[in-house]
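# Summary of structural features
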Amino acid sequence: MPYVKALKKSQPSSTLLDIKSQKCGLRCKVVSANGDEYTGEWLDNKKHGKGTQVWKKSGVIYNGEWKFGKRDGYGTYSVLLPDTKQYARKYCGEWKNGKKHGYGTYLYNPEVYEGEWSEDHRSGWGRMYYESGDIYEGEWMEGKNHGQGIIRFANGNWYEGTWRDGKKNGNGKFYYSDKGKLYEGFWVDGVAKCGTLSDFGRDEAPTPTKYPIPQLHLVDMQSVLKEAQSAHLERINSKFPLHDTLTDKE
């Protein structure tokens, strides 16, 4: 018979019974005093193994792996739709210590993210499908585009380069496929600050400009760009940690 230490009389009777039960192994449905339901495996009176939890108040259901009372491993998280009274899947993937952690897919309805997570935040590599038809693929940090990434717009244009805090920051290239042009330069908080504009795929572009862009005849174009770019580096680096600063070589 398992040893049960002396319990304070101030504890509710439902809590006392739950502790005394010493749940271990596979159990049928267990209903808490607040109406929450759990069906699955236990270890030392904690959810451990595979099981399904239904939260009555929020209408949320989790089906998957548990570790010492918390979601840990692979599982799916669904919510109850008030109109149809049907469950809709929101997240399917890996968990750690009760939070989304690892690789998983989240449905924002209608937007979708598939990729890596860290403590409930989109962090690492991932792909986001936006409602507008735009698609971003690249690095994330704490839920925002951060690092190297490419965004392809619904109109066919795309940007590839450096992101910081969800905005274009640093060196990048913007392709205007509809006009047949390419902008290469430096961005600060999503705004292009200095760079060059040239023809790119002009012959295949659906609506090219009337005249091609003339060639630039500066003696040292790179020095001019570098000087202009350096003026904006300090502003970006002041917003981010030292380990995440930009350089004019990036």
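We now turn to the structure provided with this report. Because the structure is a prediction, the values reported are computed rather than measured. (Residues numbered from 1 in each chain as written. Predicted model: local features only at pLDDT ≥ 70, side-chain atom pairs only at ≥ 80, totals over all residues. Heavy atoms only, no water.)

### Digging into the environment of lysine 70
Summarising the element assignment, lysine 70 is placed in strand β5 (residues 70-80). Taking relative accessible area as the criterion, lysine 70 reaches 41% and is therefore assigned partly exposed. Separated by 23 residues in the primary sequence, lysine 70 and lysine 47 place their C-alpha atoms 7.1 Å from one another. The residues contacting lysine 70, other than those within four sequence positions of it, are Lys47, Glu65, Asn97 and Gly98. (Helix = DSSP H or I, 4+ residues; strand = E, 2+ residues; numbered from the N terminus. Buried < 20%, exposed > 50% of the residue type's maximum accessible area, 1.4 Å probe, protein only. Contact = heavy atoms within 4.5 Å.)

### So, unusual backbone geometry
Among all residues except glycine, the phi angle is most often negative; among peptide bonds, the trans geometry is most common. Backbone torsion omega between asparagine 109 and proline 110 reads 10°, so that peptide bond is classified as cis. Relative to the helices and strands, proline 110 resides in the loop between β7 (99-107) and β8 (112-118). With a phi angle near 50°, aspartate 44 is a residue other than glycine that sits in the positive phi range. Using a relative accessible area of 58% as the deciding quantity, one classes aspartate 44 as exposed.

### With respect to the pattern of salt bridges
As enumerated under the stated definition, the model contains 8 salt bridges in all. Linking glutamate 37 and lysine 29 is a salt bridge whose minimum nitrogen-to-oxygen distance equals 3.5 Å. In this structure, arginine 127 and glutamate 114 form a salt bridge, with 2.5 Å as the shortest nitrogen-oxygen distance. Placement of arginine 127 in strand β9 (residues 121-129) and of glutamate 114 in strand β8 is noted, with a sequence separation of 13 residues between them. In the salt-bridge network here, residues are joined through shared partners; they are Glu114, Arg127 and Glu137. (Salt bridge = Lys/Arg side-chain N within 4 Å of Asp/Glu carboxyl O.)

### Side note on the pairing of strand β15 (residues 191-199)
One face of the sheet, then the other: side chains in a regular strand alternate in exactly this way. Sheet topology places strand β14 (residues 181-188) next to β15; 8 bridges connect them, and they run antiparallel. Each residue of the ladder has a partner; that of tryptophan 187, found in β15, is alanine 192. Linkage of β14 to β15, two consecutive antiparallel strands, is achieved through a turn of 2 residues, within which aspartate 189 is found at a positive phi near 50°. (Pairing = 2+ DSSP bridges.)

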